[in-house]
Amino acid sequence: MKRFLASLSMISLLVLLASCAQKEEEIPVYDKGPVLMDGYEGVDLGLTVKWANYNIGAEALEEFGQYFAWGDTTPSIAYTYYHYKWYSMSKSGPTKYFSDPYYGEPDNKMSLDLVDDAAQAIWGGKWRLPSESEWKELFTYCTWEWTEMNGVSGYKVTSNKPGNTNSIFLPAAGELNKEGEIEAGGESGNYWSSSLFVVTWETAYYTHINSQAGQLVIGRRPSCFSIRPVHVNYFLPGTKFD
């Protein structure tokens, strides 16, 4: 009986060791550092999408790049409703992306069409703006450290996934004000998502960063913010690009 129990214990131990070894082997292998994806550098942080290594309009990690209103594929020149693509001065309201029939026939859209996605329009391929949930994923599964890169303040965002040490840098690029000047550059930054805020047509989700924290908030759609694209594995069948 003792021999039987000893043999049973040995078998259980071997099964446990084999199970642990299998779990260790299941740790994914990630690309190290930035990799060229559809013509632009992307970084594998172990998340559902790959994150671009720099902003649209930038050529280096710490460069601010260009600024865009939400849903506009042309770089902004200043913060104003007058120049905003999806605003009608005559009816003082939106022409797309709204659910209130007061402004006309509502389209009830809750996220950007790819044709209105600056990342897709400018970079092409499988690049697009990150969604609200993808920003949340970046907050949840990465470590955010306020630091400097070549004299520019911002966040180094490093993956927390086992076996993944990749990171991206989000510079505090500020925003364009009504005079078309960069405001709060080096102090804070704002990065659009593709997701609308459900309560009012005027606002969409974006990530705001400063030395205290990074957080997902809402802002007025004509605001001139930065864009950090993400790269997806595929687009759903039937996706319209124009």
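So, here's what we can say about the structure. These numbers come from a predicted model, not from an experiment. Counting starts from 1 at the beginning of each chain's written sequence and moves along it residue by residue. Per-residue local features of the predicted model are confined to residues with pLDDT of at least 70, and side-chain atom pairs are confined, for both listing and counting, to 80 or more; whole-chain, interface and lining totals are unaffected and use all residues. As a rule here, side-chain values come from all non-hydrogen atoms in the structure, and water together with hydrogens is ignored.

1. Quick word on the pattern of salt bridges
Turning to step 1, where the next piece is worked out: Salt bridge criterion: a side-chain nitrogen from Lys or Arg within 4 Å of a carboxyl oxygen from Asp or Glu. Going through the model one piece at a time under the given rule, you end up with seven salt bridges.
Turning to step 2, where the next piece is worked out: The closest approach of N and O atoms between D116 and K85, which form a salt bridge, is 4.0 Å. Within this pair, whereas D116 is found in the loop between β5 (93–94) and α2 (118–123), its partner K85 is found in the loop between β3 (50–52) and β4 (87–88), the two being separated by 31 residues in sequence.
Turning to step 3, where the next piece is worked out: Residue burial is assigned from relative accessible area. The probe radius is 1.4 Å, only protein chains are included, and a residue is buried under 20% of its type maximum, exposed over 50%, and partly exposed in between. K85 gets classed as partly exposed once you look at its relative accessible area, which sits at 38%.
Turning to step 4, where the next piece is worked out: A salt bridge links K136 to E132; the nearest nitrogen and oxygen atoms lie 3.1 Å apart. Note that K136 and E132 are positioned in helix α3 (residues 132–140) at a spacing of four residues, about one turn of the helix.
Turning to step 5, where the next piece is worked out: Under the relative-accessibility criterion, K136 is labelled partly exposed at 44%.
Turning to step 6, where the next piece is worked out: Within the structure, one salt-bridge network assembled from shared partners comprises K85, K96, K109, D113 and D116. Per the convention used, a helix needs a DSSP run of H or I reaching at least four residues, while a strand needs a run of E reaching at least two, with both numbered from the N terminus.

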